[in-house]
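Read off the chains here:
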2 protein chains.
Amino acid sequence: MKKVFIAGTGLTRVGRQFGKGLRELFAEAALKAIEASNNVNPQAVVVGNMLASALQEQDNLGSLLADYVGLRGRPAFKVEAACGSGGAAVYAGYSLVASGLADVVLVVGVEKMTDHATDRVTRALAQAADAEYELFYGASFAGLNALVMRYYMDKHGVSREDMAEWPVLMHENAKENPYAQLRFKVTVEQVINSPLIADPIRLLDSSPIGDGAAALILASEDVVRKLTDTPVEVAGVGMVTDSVDVASRDELDFFPSVKEATDTALRMAKVGLNMIDLVELHDAFSIMGFLSLESMGFAGRGESVRMLKEGAFREGDRPVVNPSGGLKARGHPVGATGVYQVVEVAMQLRGEFPGVKVSGAELGIAQNVGGLASSATVFVLRR
Amino acid sequence: MKKVFIAGTGLTRVGRQFGKGLRELFAEAALKAIEASNNVNPQAVVVGNMLASALQEQDNLGSLLADYVGLRGRPAFKVEAACGSGGAAVYAGYSLVASGLADVVLVVGVEKMTDHATDRVTRALAQAADAEYELFYGASFAGLNALVMRYYMDKHGVSREDMAEWPVLMHENAKENPYAQLRFKVTVEQVINSPLIADPIRLLDSSPIGDGAAALILASEDVVRKLTDTPVEVAGVGMVTDSVDVASRDELDFFPSVKEATDTALRMAKVGLNMIDLVELHDAFSIMGFLSLESMGFAGRGESVRMLKEGAFREGDRPVVNPSGGLKARGHPVGATGVYQVVEVAMQLRGEFPGVKVSGAELGIAQNVGGLASSATVFVLRR
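Notes on the structure in this doc start here. A quick note: this is a predicted structure, and the numbers were derived from the prediction, not measured. (Residues numbered from 1 in each chain as written. Chains lettered and ligands numbered in written order. Predicted model: local features only at pLDDT ≥ 70, side-chain atom pairs only at ≥ 80, totals over all residues. Heavy atoms only, no water.)

### Regarding the overall build of chain A
Scanning chain A for helices and strands turns up 15 helices and 12 strands. A compact globule built from 383 residues should have a C-alpha radius of gyration of about 21 Å, and chain A, at 19 Å, falls within 12% of that. Judged by the C-alpha coordinates and their principal axes, chain A covers about 55 × 45 × 40 Å. When each of the 383 residues of chain A is scored for burial, the buried share is 69%. Long-range pairs, those at least 24 residues apart, make up 77% of the contacts in chain A between residues at least 6 apart in sequence. If you average the places of the 37 positive and of the 46 negative side-chain charges in chain A, the two averages end up 5 Å apart. (Helix = DSSP H or I, 4+ residues; strand = E, 2+ residues; numbered from the N terminus. Rg over C-alpha atoms; globule rule 2.2 N^0.38 Å. Buried < 20%, exposed > 50% of the residue type's maximum accessible area, 1.4 Å probe, protein only. Contact = heavy atoms within 4.5 Å. Lys, Arg positive; Asp, Glu negative; His and termini not counted. Charge placed at Lys NZ, Arg CZ, Asp CG, Glu CD.)

### Points about the packing of helix α1 (residues 22–35) of chain A against helix α3 (residues 61–68) of chain A
Residues and elements named next belong to chain A. Remark: α1 packs on α3, axes separated minimally by 9 Å, with the N-to-C direction vectors making an angle of 60°. By the angle class used here, α1 and α3 are oblique. Taken as a pair, α1 and α3 cross one another with a handedness that is right-handed. Each of L22, R23, E24, F26 and A27 in α1 lies in contact with α3, whose residues at this interface are L61, L64, L65, A66 and Y68. Its residues placed into classes, the contact of α1 with α3 shows 8 nonpolar, no polar and 2 charged. (Axes fitted to C-alpha atoms, helices over the stretch in contact; angles between N-to-C directions. Parallel < 35°, antiparallel > 145°, perpendicular 65-115°, else oblique. Left-handed = near helix turned anticlockwise from the far one by under 90°. Nonpolar A, V, L, I, M, F, W, Y, C, P; charged D, E, K, R; others polar.)

### A look at unusual backbone geometry
Here the residue pair D199(A) and P200(A) is connected by a cis peptide bond, since its omega of 10° sits within 30 degrees of zero. Along the chain, P200(A) falls in the loop between β5 (196–198) and β6 (201–202). A positive phi angle, near 75°, is found at F313(A), a position not held by glycine. Relative to the helices and strands, F313(A) is located in the loop between α13 (304–309) and β10 (320–321). A residue is classified by how much of its surface remains accessible, and F313(A), at 2% relative accessible area, is buried. The backbone of N39(B) shows a phi angle near 50°, a positive value even though the residue is not glycine. Its location among the elements puts N39(B) in the loop between α1 (22–35) and β2 (44–48).

### Brief notes about the nonpolar core
In this structure, F77(A), L381(A), F77(B) and L381(B) are the most contacted members of the largest nonpolar core, which totals 90 residues. Each residue touching F77(B), except ones within four places of it in the same chain, is listed here: V79(A), E80(A), A88(A), Y91(A), A92(A), M239(A), V45(B), V46(B), V47(B), G62(B), A92(B) and L96(B). (Core = buried A, V, L, I, M, F, W, Y, C linked by side-chain atoms within 4.5 Å.)

### Notes on helix α6 (residues 141–156) of chain A
Residues and elements named next belong to chain A. End to end, α6 covers 23 Å across 16 residues, agreeing with the expected 22 Å (1.5 Å per residue, within 8%). The set of residues buried in α6 consists of F141, A142, L144, N145, A146, V148, M149, Y152 and M153. Looking at the buried residues of α6, the elements they touch are α7 (160–163), β5, β6, α12 (286–296) and α13. Two residues or fewer after α6 comes G157, characterised by a positive phi angle close to 60°. (Expected span 1.5 Å × (residues − 1).)

### Describing the packing of aromatic side chains
Applying the stated criterion across every chain, the model contains 4 aromatic pairs over all chains. Each ring, one from W166(A) and one from F290(A), has its centre 5.2 Å from the other, and the planes form 65°; the classification is edge-to-face. With a gap of 124 residues between them, W166(A) in helix α8 (residues 165–174) and F290(A) in helix α12 connect regions that are remote in the sequence. Taking relative accessible area as the criterion, W166(A) reaches 1% and is therefore assigned buried. Taken together, a centroid distance of 5.1 Å and an interplanar angle of 85° make the contact between F136(B) and Y137(B) edge-to-face. A relative accessible area of 62% places Y137(B) in the exposed class. (Phe/Tyr/Trp six-rings, centres within 6.5 Å; stacked < 30°, edge-to-face > 60°.)

### Regarding the side chain of N322(B)
All names here are of chain B. Inspection of the secondary structure puts N322 in the loop between β10 (320–321) and α14 (326–329). A polar atom in the side chain of N322 sits 3.4 Å from the side chain of D283. The residues touching N322, leaving out its near neighbours within four places in the chain, are W166, M170, N173, V279, E280, L281 and D283. (Polar contact = N/O pair within 3.5 Å; in protein donor to acceptor, adjacent residues only side chain to side chain.)

### Brief notes about the environment of D59(A)
Among the structural elements, D59(A) can be located in the loop between α2 (52–56) and α3. Residues D59(A) and N49(A), spaced 10 residues apart in sequence, show a C-alpha to C-alpha distance of 9.9 Å. D59(A) has contacts with S53(A), K78(A), M50(B), E80(B), A124(B) and Q127(B), leaving out every residue within four places of it along the chain. Here S53(A) takes part through its side chain, which lies 3.0 Å from a polar atom of the side chain of D59(A).

### A word on the interface of chain B and chain A
Each partner contributes residues to the interface: chain B has 60 residues there, and chain A has 60 residues. Buried surface at the junction of chain B and chain A, summed over both partners, amounts to about 4700 Å²; 47% is from carbon and sulfur atoms. Of all residues in chain B, E57(B), N60(B) and Q127(B) give up the largest surface area on contact with chain A, accounting jointly for 14% of the area buried on that side. Linking chain B with chain A are 10 salt bridges, by the criterion used here. The partner of R23(B) in a salt bridge is D130(A), and the shortest N-O contact between them spans 2.3 Å. Linking chain B with chain A are 33 residue pairs in polar contact (both at pLDDT 80 or more). Elements represented by at least two residues in the side of chain B that touches chain A include exactly α2 (52–56), α3 (61–68), β3 (76–80), α4 (85–99), α5 (118–125) and β8 (232–241) of chain B. (Buried area = accessible area lost by both parts, 1.4 Å probe. Salt bridge = Lys/Arg side-chain N within 4 Å of Asp/Glu carboxyl O.)

### A short note on the pattern of salt bridges
Taken as a whole and assessed by the stated rule, the structure comprises 54 salt bridges over all chains. Across the pair D277(A) and R318(A) runs a salt bridge, and its minimum N-O distance is 3.3 Å. Placement of the pair is D277(A) in the loop between α11 (256–269) and β9 (278–280) and R318(A) in the loop between α13 and β10, with a sequence separation of 41 residues. With a closest N to O distance of 2.8 Å, D263(B) and K259(B) form a salt bridge. Here D263(B) pairs with K259(B), and both are found in helix α11 (residues 256–269), just 4 residues apart, close to one helical turn. Since its relative accessible area comes to 35%, K259(B) is described here as partly exposed.

The following block contains the structure:
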């Protein structure tokens, strides 16, 4: 298996971008990544996207978007794994380079969510759940997360106030990130008094709806030095699935997919969890942030809320968690999110992330999930 | 790059299967392929599908369908490239094995099209076209094919009657194929008098709407002998894209994506076009069948209609084209079609295809396109 590296990267701001459609968002991120890779001509294109079929009535994004930036005449396809589409696209792109089918692959996650009313977007997002066993009975994605949050609070005796520490930290981090959607501070008081979405989840527990695109160039060890002086190695990859419907899980408050994907990626990179300097993880709702931490092994079960309150997971501590602001405050353009995370970790390792910095970072993890961790991808990146 | 082989395969009948949803179709094909591979436990699952998001409101098919057949806890994702989704899924699966990320991968194409009225299905299929530059102006997929067919007939002086020879041969072949949707003969007279769909395309020029799933196990050279005594080598692969909107092509009546994907796959397999014993190719409409033949190089430009009329492309000739009956008469469950083709060619090379047989075949090609050849995948299989 060939070693795989990240050369250039590109991001758009996350948020409402009324003047930009799928094409323009894609192009902005993709062309930045290409330019940052010595203007390389990628041999293949992988697109991560969840909602274009439901919201833009547009399939065939591989051909469509590759063509829009002048990249006809090579392999291009879309990968979908719900909110984990971005991570799955990076995984598929990794495999194209590792196999030798291509030496240089452009991976782009893109999502356009703000063209439609919230109820239609909520319905489209619910397609990540099981249409026959969950959606049919009226479950929304927020509703399923609320169920898990209530169970977790009850089981571990965690207060509503303490869980609000998650959005508080995420908003603090996002304030420094020029690509983030929600660049303002919030207080515990504001979180627990914000509008109720699905009890006990409040508006400020929830990631916002936003547009965005993130791009990276993956390159083989044979060519990466021609593209950049500061390659970042994709040292370990893991992808693991679980059931889609939450009812058929053994446990509500632990994600085996996240644990196994993390273990797989760490084993491949030959590093331990205690060596990780930063993590960009999947916190579509506050509860998902805590459960991601615990499932990855950065906190014992039921311990992460207390640890956060006591000052862990932020600048100065190791690992720093979501210096970007996370899905909660950087934003969550669903099919793009997994690519944002990989790009942000790579930028940190190069010391070029423009927000909260993790100084001297050598190892980072990007963790993205689809649905309620019905799939998880984990990438270990090394400077 | 590791060599990749096909172990077991599985097909469902194509057609209206009112009693079966996405899950049941997937399971029928997948379990057959697993059973035919010495009951192997696949390490990863790739799903090819186009329409589930638009028609079943179901994303996240990788996790959902893998779980339904007991395959949690491993990589699984969906690949979409419109009508070429099946071929793209085989391509992505190939890369997982070739890279060494997995030794055994289950690839399944699945589509459920008959739950909805034809107008809704037609609209969903049009998502393969460009939503902003084609679909918005009322172009349907049949309409775009009609435009190309009229141009081709005019340019090459081909008669409507002669183009009807395509469905006549396809229906003859499908009659022998127990998995085919349209198992009855038609005459030129019947084709040209069948209801008009989009002038000059008639009902009997068009592939039918149907449900179906096709599955195969891809395995590395290291393990395939444990799974089967009759492995089929995936000796060459090619995937090439073009623009989605037809208006921005240089030519209407030739598909560079198909030509380049064919050339790439043949070069990789180190074989010539004249060594190919059979081809399963993409004939969503009669015109697509002829243009696929000419773009691959099996006929000169404007020559394929005459060659067919003079007896080429059928039993006894080389290559035999679409012994399955093709999209036209085997049927076209869109996201599954590319996998059907690979399975059918593999079955022919093993001498186990239950329909029209290509005796002594050693080399075959499966060719699948998305949209109007906005992407093309070509696989060269060797006994």
